Amino acid sequence: MNKYLHTIRNSTGELLTSYSLLFFSTSQWFGLLLLLVTFCKPYAGLPGLIAGVIAILLVKFSGLRGAGVQKGLFCYNAILIGVGMGSFFNWGFAFWLLLFLAVLLSILLSGVLMNQLFPKGLPFLAIPFTVCFWVVILVSREFGAIDLTTRNIYWLNQMYAIGDNGLVNFILYFENLPMHPLLLMFFKSVSSLFFQENVLAGIIISIGLLFHSRISFVLLVLGFLASIGFNSAVHAYNDGINYYLMGGNFLMVALAIGGIFMIPSVYSWLWALVAVPLTFLMVIATGKLCVLLGVPVFSLPFSAVTLLILYFFRVTQQTGRIILTPLQLYSPEKNLYHYLNTKKRLASETWFRFQLPFMGEWIVSQGYEGGITHKGDWSKALDFVIVDAQMKTYSGYALSCEDFYCYNKPVLAPADGYVQELIDQVEDNEIGKVNRQQNWGNTIILRHAEGLYTKICHLRKESFKVKQGEFVKKGQTIAACGNSGRSPEPHLHFQVQYTPYVGSKTVYYPFETFREKKEDTTSVRSFAVPLETAKVSNIITDENLEQAFAFAPGYRMEISADGFDTEYWEVFTDAYNQCYLYSHTQQSTAYFIKGSCYFYFTAFYGNRNSLLYQFYISAYHIALFTEEGTVVTDEFPLQWSRNNPGKWLQDFAAPFVIFRRLLYRSENRQGEGSYFDRETRISSRQSLQYPGFERKANESEIVVREGKIAAFSFMYHNQVKEALCTVKL
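Residues numbered from 1 in each chain as written. Predicted model: local features only at pLDDT ≥ 70, side-chain atom pairs only at ≥ 80, totals over all residues. Heavy atoms only, no water.

Asks: How do you make sense of the overall build of the protein when you look at a structure like this?
Replies: Scanning the protein for helices and strands turns up 18 helices and 25 strands. By its C-alpha atoms, the protein is 105 × 60 × 50 Å across when sized along the principal axes. The buried share of the protein, reckoned over its 729 residues, is 53%. Total accessible area computed for the protein in this model is approximately 33,600 Å², and 58% of it derives from carbon and sulfur atoms. Here the protein contributes 58 positively and 54 negatively charged side chains, and the mean placements of these two sets differ by 5 Å. (Helix = DSSP H or I, 4+ residues; strand = E, 2+ residues; numbered from the N terminus. Buried < 20%, exposed > 50% of the residue type's maximum accessible area, 1.4 Å probe, protein only. Areas by Shrake-Rupley, 256 points an atom, 1.4 Å probe, with all protein chains shown as cover. Lys, Arg positive; Asp, Glu negative; His and termini not counted. Charge placed at Lys NZ, Arg CZ, Asp CG, Glu CD.)

Asks: I would appreciate a short explanation of the packing of helix H9 (residues 181-191) against helix H11 (residues 214-234) in the present structure.
Replies: Axes are the key here: two packed helices are described by the angle between their axes and the distance separating the axes. Where H9 contacts H11, the axes come no closer than 11 Å and their chain directions differ by 120 degrees. Classified by the angle between their axes, H9 and H11 sit oblique to one another. Where H9 crosses over H11, the two elements pack in a sense that is right-handed. Taking contact as the criterion, the partners of Leu182, Met185, Phe186 and Ser189 in H9 are, on H11, Leu220, Val221, Phe224 and Ile228. Across the contact of H9 with H11, the residue classes break down as 7 nonpolar, 1 polar and no charged. (Axes fitted to C-alpha atoms, helices over the stretch in contact; angles between N-to-C directions. Parallel < 35°, antiparallel > 145°, perpendicular 65-115°, else oblique. Left-handed = near helix turned anticlockwise from the far one by under 90°. Contact = heavy atoms within 4.5 Å. Nonpolar A, V, L, I, M, F, W, Y, C, P; charged D, E, K, R; others polar.)

Asks: Any chance you could explain unusual backbone geometry here in plain terms?
Replies: Working note: non-glycine residues mostly have negative phi, and peptide bonds are mostly trans. Notably, Met391 is not glycine yet its phi reads approximately 65 degrees, a positive angle. Secondary-structure assignment places Met391 in the loop between strand S2 (381-385) and strand S3 (410-412).

Asks: Is there a simple way to think about helix H2 (residues 28-38) in this case?
Replies: Think of an α-helix as 3.6 residues a turn; residues three or four steps apart then line up on the same face. Buried within H2 are the following residues: Phe30, Gly31, Leu34, Leu35, Val37 and Thr38. Down the axis of H2, the smallest arc covering the buried residues is 160 degrees, so these residues share one side. (Arc of directions from axis to C-beta.)

Asks: Is there a simple way to explain the domain arrangement of the protein in this structure?
Replies: A common measure of how large an interface is: the accessible area buried when the components associate. The domain boundaries assigned to the protein delineate domain 1 (1-149), domain 2 (180-343), domain 3 (362-538) and domain 4 (543-728). Using C-alpha coordinates to define each centre, domain 1 is positioned 21 Å away from domain 2. Taken together, both faces of the contact between domain 1 and domain 2 bury some 3,300 Å²; the carbon and sulfur share is 80%. It is Phe23, Phe24 and Trp134 in domain 1 that bury the most area against domain 2; as a group they hold 24% of the surface buried on that side. Counting the contacts that link domain 1 with domain 2 gives 0 salt bridges. Our enumeration of links across domain 1 and domain 2 arrives at 8 residue pairs in polar contact (both at pLDDT 80 or more). Sorting the residues of the side of domain 1 that touches domain 2 by element identifies H2, helix H5 (76-88) and helix H7 (127-140) as the ones contributing at least two each. (Domains from an automatic or database assignment. Buried area = accessible area lost by both parts, 1.4 Å probe. Salt bridge = Lys/Arg side-chain N within 4 Å of Asp/Glu carboxyl O. Polar contact = N/O pair within 3.5 Å; in protein donor to acceptor, adjacent residues only side chain to side chain.)

Asks: Could you clarify how one ought to interpret the pairing of strand S15 (residues 567-573) in this entry?
Replies: On a regular strand, each side chain points to the face opposite its neighbour's, so the side chains alternate between the two faces of the sheet. Looking at chain direction, strand S14 (residues 556-560) and S15 are connected through 4 bridges and run antiparallel. What sits directly across from Ile559, in S15, is Glu567. As consecutive antiparallel partners, S14 and S15 are separated by 6 residues, and within that stretch Gly563 has a phi angle of approximately 85 degrees, a positive value. Sheet topology note: the S15/strand S16 (residues 579-583) ladder contains 5 bridges and is antiparallel. Following the sheet pairing, Val571 is matched in S16 by Leu581. Here S15 folds back onto S16 in antiparallel fashion, the turn holding 5 residues, of which Asn577 has a positive phi close to 65 degrees. (Pairing = 2+ DSSP bridges.)

Asks: Is there a simple way to think about the pattern of salt bridges in this case?
Replies: For side chains of opposite charge, pairing can occur when their charged atoms come near one another. Inspection of every chain in the model, using the stated rule, returns 22 salt bridges. Here Asp651 makes a salt bridge to Lys647, at a shortest N to O gap of 3.4 Å. Of this pair, Asp651 and Lys647 both sit in helix H18 (residues 645-653), separated by 4 residues, roughly a single helical turn. Assessed through its relative accessible area of 0%, Asp651 is described here as buried.

Asks: Which parts of the structure should I look at to understand the pairing of strand S5 (residues 442-449)?
Replies: Most of S5 sits out of view: 6 of its 8 residues are buried. Pairing analysis gives 5 bridges linking strand S4 (residues 417-423) to S5, with the strands arranged antiparallel. Bridge pairing links Tyr418 to Arg447 in S5. When S5 meets strand S6 (residues 452-459), the two strands line up antiparallel, connected through 6 bridges. Paired with Leu446 across the two strands is Thr454, which belongs to S6. A loop of 2 residues connects S5 with S6, the two strands running antiparallel in sequence, and Gly451 in this loop sits at a positive phi of about 80 degrees.

Asks: What's the story with the side chain of Lys41 in this structure? I'm lost.
Replies: Position of Lys41 relative to the elements: it lies in the loop between H2 and helix H3 (42-62). Of the polar contacts made by the side chain of Lys41, one reaches the backbone oxygen of Phe195; its length is 3.0 Å.

Asks: Where do I start with the sheet that holds strand S25 (residues 719-728) in this structure?
Replies: Consider a sheet: its strands pair through backbone hydrogen bonds, and that pairing is either parallel or antiparallel. In spatial order, the strands read S19-S18-S17-S16-S15-S14-S25-S24-S23-S22-S21-S20; together these 12 strands make up an open sheet with antiparallel pairing. This sheet does not close on itself; its edge strands, each paired only once, are strand S19 (621-623) and strand S20 (631-636). The average angle at which neighbouring strand axes cross in this sheet is 25 degrees, direction not considered. The strands touched by helix H17 (residues 611-618) within the sheet are S14, S15, S16, strand S17 (588-594), strand S18 (598-605), S20, strand S21 (661-670), strand S22 (679-690), strand S23 (693-705), strand S24 (708-716) and S25, with S24 carrying the most contacts at an inclination of about 95 degrees.

Asks: How should I be thinking about the environment of Ser713 in this particular structure?
Replies: Its place among the elements puts Ser713 in strand S24. Between the C-alpha atoms of Ser713 and Ser400, which are 313 residues apart in sequence, the distance is 59 Å. When near neighbours in sequence (up to four residues on either side) are disregarded, Ser713 contacts Glu699, Ser700, Glu701, Val720, Lys721 and Glu722.

Asks: Looking at this structure, I do not really get the nonpolar core. What am I missing?
Replies: Counting residues in each nonpolar core, the largest one holds 151 residues, and the members touching the most others are Phe23, Phe549, Phe551, Phe601 and Phe615. Ignoring any residue separated from it by four or fewer positions in sequence, one finds Phe615 in contact with Phe549, Phe551, Trp569, Leu581, Phe601, Ile702, Ile709 and Phe712. Of all hydrophobic cores here, the second largest spans 35 residues; its members include Cys406, Ala415, Tyr509 and Phe514. (Core = buried A, V, L, I, M, F, W, Y, C linked by side-chain atoms within 4.5 Å.)

Asks: Help me understand a nonpolar patch on the surface in this model?
Replies: Side chains of Phe93, Leu97, Phe100, Leu101, Leu104 and Leu108 sit close together on the surface and give an oily, nonpolar patch of about 600 Å² of accessible area. Note on placement: Leu104 falls in helix H6 (residues 93-117). The exposure class assigned to Leu104 is partly exposed, which follows from its relative accessible area of 30%. (Patch = residues over 30% accessible without salt bridge, like charges linked within 9 Å, V, L, I, M, F, W, Y side chains within 5 Å.)

Asks: What should I look at first to understand the environment of Ala415 in this one?
Replies: Among the structural elements, Ala415 can be located in the loop between S3 and S4. Sequence separation between Ala415 and Gln355 is 60 residues, and the spatial gap between their C-alpha atoms is 6.7 Å. Setting aside chain neighbours within four positions, we find Ala415 in contact with Phe352, Arg353, Phe354, His448, Val472, Lys473 and Lys474.

Asks: Looking at this structure, I do not really get the packing of aromatic side chains. What am I missing?
Replies: When we look at a pair of aromatic rings, we describe it by the centre distance and by the angle of the planes. Applying the stated criterion across every chain yields a total of 71 aromatic pairs. Look at Trp351 and Tyr508: their rings are 6.0 Å apart centre to centre, the planes differ by 65 degrees, and that puts the pair in the edge-to-face class. Pair noted here: Trp351 is in the loop between helix H15 (332-345) and strand S1 (362-366) and Tyr508 is in the loop between strand S10 (506-507) and strand S11 (511-518), with a separation of 157 residues, a long-range link. Overall, Trp351 belongs to the partly exposed group, its relative accessible area being 28%. Owing to a relative accessible area of 40%, Tyr508 belongs among the partly exposed residues under this scheme. Stacked on the ring of Tyr620, the Lys or Arg Arg345 has its end atom at 4.0 Å from the ring centre. (Phe/Tyr/Trp six-rings, centres within 6.5 Å; stacked < 30°, edge-to-face > 60°. Lys NZ or Arg CZ within 6 Å of the ring centre and 35° of its normal.)

Below, the structure written as structure tokens:
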């Protein structure tokens, strides 16, 4: 029984999602609203609902799987076909038979178009509906058992049959509202997406869309005004634009281009304005051609112009002003906020993770654009030495290399890689002398990836621990610091380059994480280049934290808290080798990245009332070390903030300016205990920042004990909740 209830619940969700997809949404409450609106014309609404159910059953019968099925991508065109057929044809056995065949045809066509267009990053939009409804219209003329209906003309009679004079008077109240003709036209154009000319339906849809997405609502208005303005300039429709052309083409193209398939911005909105007159031209041109077949243009111009613009930006690979939506979240606000957040937080993922090539604390004696030798093509390089409390690089009288603190100190591999080149025959210089004939001295070049190399120079002769072609691990000792080549005193030269040659041009490249002391200020810097005269050292991670957050595939945990269902989490990797925690109980997913020094979540999908979501916001970005005074700061994507007037105002302004931020802050505290059984507490805080003030939103704490996450506490409905965690082996 539970299995059948689960299937019915999932199928109902897919059906409601299919309705909401008509406005590029996956909101089920919005889908329910749209379903109810279609029943303003019951003879159209019922075939639409039945068509949606048939589509879901056919998809399940065919064995199709994947996100496209769950999101209703195979079904929304079928719903339009059902609503359209119910609006234009009388019911009968032949009607339902033709509806079934048309729905089946739309699913087949959707599958083919998905296979052809999705790999190119293109949607199939309303093409299956348009083609299939053309087929229905053309073949219906040959079917004597199918005839056109007059219900579309006398649709108020249907309302009278359902609700008598009360319902008719209620609808007429809205039809006769004293509103501007343009406003009246807008609402009727919105309702025309479901083959209606109903002010009440248009008002309901508009209000629902406004609650779902402020940007979507504004773009519909923008598309409406742009079409009215263009028609006023060219005088194409002197009696006013047909509602069906307006709703199915001009409004939808503005929404698709301005906020769905492009990240909302000033430039996407400008392209939305450009798309409207282009669609206007296509409506007129295709209308002339469709007259020859005796079929309406429906939404063909909208689909054609949208695909044309998107394909243009795909093939030209334009970057900068226009950003095609990389991950479709079916909401302009979510697309925008997720893109901005990901761009800022995951920019470091484009860098290879290098560590400093030594142990302990060294000083940058010459940095990028250094005044001695780091000039021109070789300006992006670093020289390191060791100094004492008096800032001297040596002890005694500095008569030999052995007097210098850095001499013969171990040199480490900055990252995993292969030994590309070795030079190991240059003698160390006497102090004060330099070898300009063999400028780089003893050198090792490591290949970390195709087109990415590091070069370390002035090494001691015969100190190499590796051979050419050998694979080395990050942190492995590869040689010792020396004084060979152009080196007046022992020091270490480090640079990153794109080619494997000894004299290659240097390039800017940051280190992953390091401690930096400069002018009595100590800080932990990530994906940065050390400053000249700064003392730097690698970060030593805390073994307790390192083990606790080593979420390898197969890792399982049980989490329980008062007022919540017990959850079972497991770690998986997806097809792109990205790791995520999955809550089997709540069917929720939290993607994460574990670097050398930090653990952080990148995305959450699922139930926001789950314990996994609370852990996601608690451990959103944490350090895996316990440096005193280290504070990690970050930002959540703005879609996680609560719905309130402030969020709505930000949504309206989002394509132009972001003035609201959802901030995150975490700090580690070392507890009592020995090295192996000590406790570490990670305190985190979430707050909402406006210009000029900040408001605390939530606080949480994670307890790590003996290399495991023991518990975490959080605020939930103004109460402190504690979740107990048990690792399952």
